[in-house]
Amino acid sequence: MSRKNFGAQPILYPQPVLIVATYDENGRPNAMNAAWGGICGRDEIMIDMSNHKTTENIAAIKAFTVSMADVEHLAACDYVGLVSAKNEPQKMEKAGFTTTKSGLVNAPIINELPVTLECELKEIVDGSKYIGRIVNVSVDERVLGEDGKVDLTKFHPIIFDSVTAGYYAFGERAGSAFKDGAQLK
């Protein structure tokens, strides 16, 4: 088997595309696209972000939401990563995003994105790693199955490939966790 070394790179598949939303000091909603993040505990998420208006908001307000970008809103989700709220005050409107205030944390829920983690800031590590305690996960009923759970045939999250800077649609079901490996016991 032949392998190619890439050195230390942020390569991990699948890499979710996370849309982090906050309020600023005036209560105006803002959002940014963050590629380096994931669940780091039963009720925790960590996102590594450099300095942005969003990170300033998180540090000041101590709350944020995290939604998963989806195929249906790919352009809008990419846009909020390209444009800073420092330079474009109409950023959310131009993206076509509307928001509703979370009832549990002081942060906006983006109405168009169906799955949202509502978080309180727990700590900032090394100046760029934002760890949030997940207070609630709110899900738009349009992506729920008959069993009341998220149905990935109705919700189409995208993933990010850092090597090619590409977005990809999440794939089809390949098996059943905690079951398929039992045949090897």
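Details of the structure are given in the entry above.
Cut-offs used in this document
- Residues numbered from 1 in each chain as written.
- Predicted model: local features only at pLDDT ≥ 70, side-chain atom pairs only at ≥ 80, totals over all residues.
- Heavy atoms only, no water.
- Salt bridge = Lys/Arg side-chain N within 4 Å of Asp/Glu carboxyl O.
- Helix = DSSP H or I, 4+ residues; strand = E, 2+ residues; numbered from the N terminus.
- Buried < 20%, exposed > 50% of the residue type's maximum accessible area, 1.4 Å probe, protein only.
- Patch = residues over 30% accessible without salt bridge, like charges linked within 9 Å, V, L, I, M, F, W, Y side chains within 5 Å.
- Areas by Shrake-Rupley, 256 points an atom, 1.4 Å probe, with all protein chains shown as cover.
- Phe/Tyr/Trp six-rings, centres within 6.5 Å; stacked < 30°, edge-to-face > 60°.
- Core = buried A, V, L, I, M, F, W, Y, C linked by side-chain atoms within 4.5 Å.
- Contact = heavy atoms within 4.5 Å.
- Arc of directions from axis to C-beta.
- Pairing = 2+ DSSP bridges.

Let's talk about the pattern of salt bridges
Working step 1: Tallied over the full model, the rule gives 8 salt bridges.
Working step 2: Arg28 is the partner of Glu93 in a salt bridge, and the nearest nitrogen-oxygen pair spans 3.3 Å. Linking Glu93 in helix H3 (residues 91-95) with Arg28 in the loop between strand E1 (18-23) and strand E2 (29-34), this pair joins segments that are 65 residues apart in sequence.
Working step 3: Taking relative accessible area as the criterion, Arg28 reaches 30% and is therefore assigned partly exposed.

Things to note about a nonpolar patch on the surface
Working step 1: Together, Phe6, Ile11, Tyr13 and Val163 line one region of the surface with nonpolar side chains, adding up to about 390 Å² of accessible area.
Working step 2: Looking at the secondary structure, you find Val163 in the loop between strand E10 (158-161) and strand E11 (166-169).

Observations regarding the packing of aromatic side chains
Working step 1: Going through the model one piece at a time under the given rule, you end up with 1 aromatic pair.
Working step 2: Seen from their ring centres, Phe160 and Tyr167 are 6.1 Å apart, and the 55° between their planes marks the pair as tilted.
Working step 3: Using a relative accessible area of 26% as the deciding quantity, one classes Tyr167 as partly exposed.

Considerations on unusual backbone geometry
Working step 1: Backbone torsion omega between Tyr13 and Pro14 reads -10°, so that peptide bond is classified as cis.
Working step 2: Looking at the secondary structure, you find Pro14 in the segment before E1.
Working step 3: Here Ala165, not a glycine, exhibits a phi torsion of approximately 55°, which is positive.
Working step 4: Mapping Ala165 onto the fold places it in the loop between E10 and E11.
Working step 5: A relative accessible area of 59% places Ala165 in the exposed class.

Remarks on the nonpolar core
Working step 1: Counting 16 residues, the largest nonpolar core has Ile19, Ala31, Ala69, Cys77, Phe97, Ile110 and Leu113 as the members making the most contacts within it.
Working step 2: Those elements that provide at least two residues to this core are E1, helix H2 (74-82), H3 and E10.
Working step 3: Counting residues per element, this core draws most heavily on H2, which supplies 3 residues.
Working step 4: In contact with Ile19, other than residues within four places in its own chain, are Ala31, Met32, Asn33, Thr65, Val66, Ser67, Ala69, Cys77, Val80, Ile110 and Leu113.
Working step 5: If you look at the next biggest cluster of nonpolar residues, it comprises 15 residues, including Val20, Met32, Ile45 and Ile134.

Quick notes on H2
In an α-helix there are 3.6 residues to a turn, and that puts residues three or four apart on one side.
Working step 1: When H2 is considered as a whole, its buried residues turn out to be Ala76, Cys77 and Val80. Along the long axis of H2, the arc covered by the buried residues comes to 100°, so they all point the same way. Facing away from the buried side of H2 by over 90 degrees, the exposed positions are Ala75 and Leu82.
Working step 2: Of the surrounding elements, those touching the buried residues of H2 are E1, E2 and H3.

A closer look at the pairing of strand E9 (residues 129-139)
Working step 1: Looking at chain direction, strand E4 (residues 44-48) and E9 are connected through 5 bridges and run antiparallel. In the strand pairing of E9, Ile45 is matched with Gly132.
Working step 2: By the bridge criterion, 10 bridges tie strand E8 (residues 115-125) to E9 in an arrangement that is antiparallel. Bridging across to E9, Val115 finds its partner in Val139.
Working step 3: What sits between E8 and E9 in their antiparallel hairpin is a turn of 3 residues, with Asp126 showing a positive phi close to 55°.

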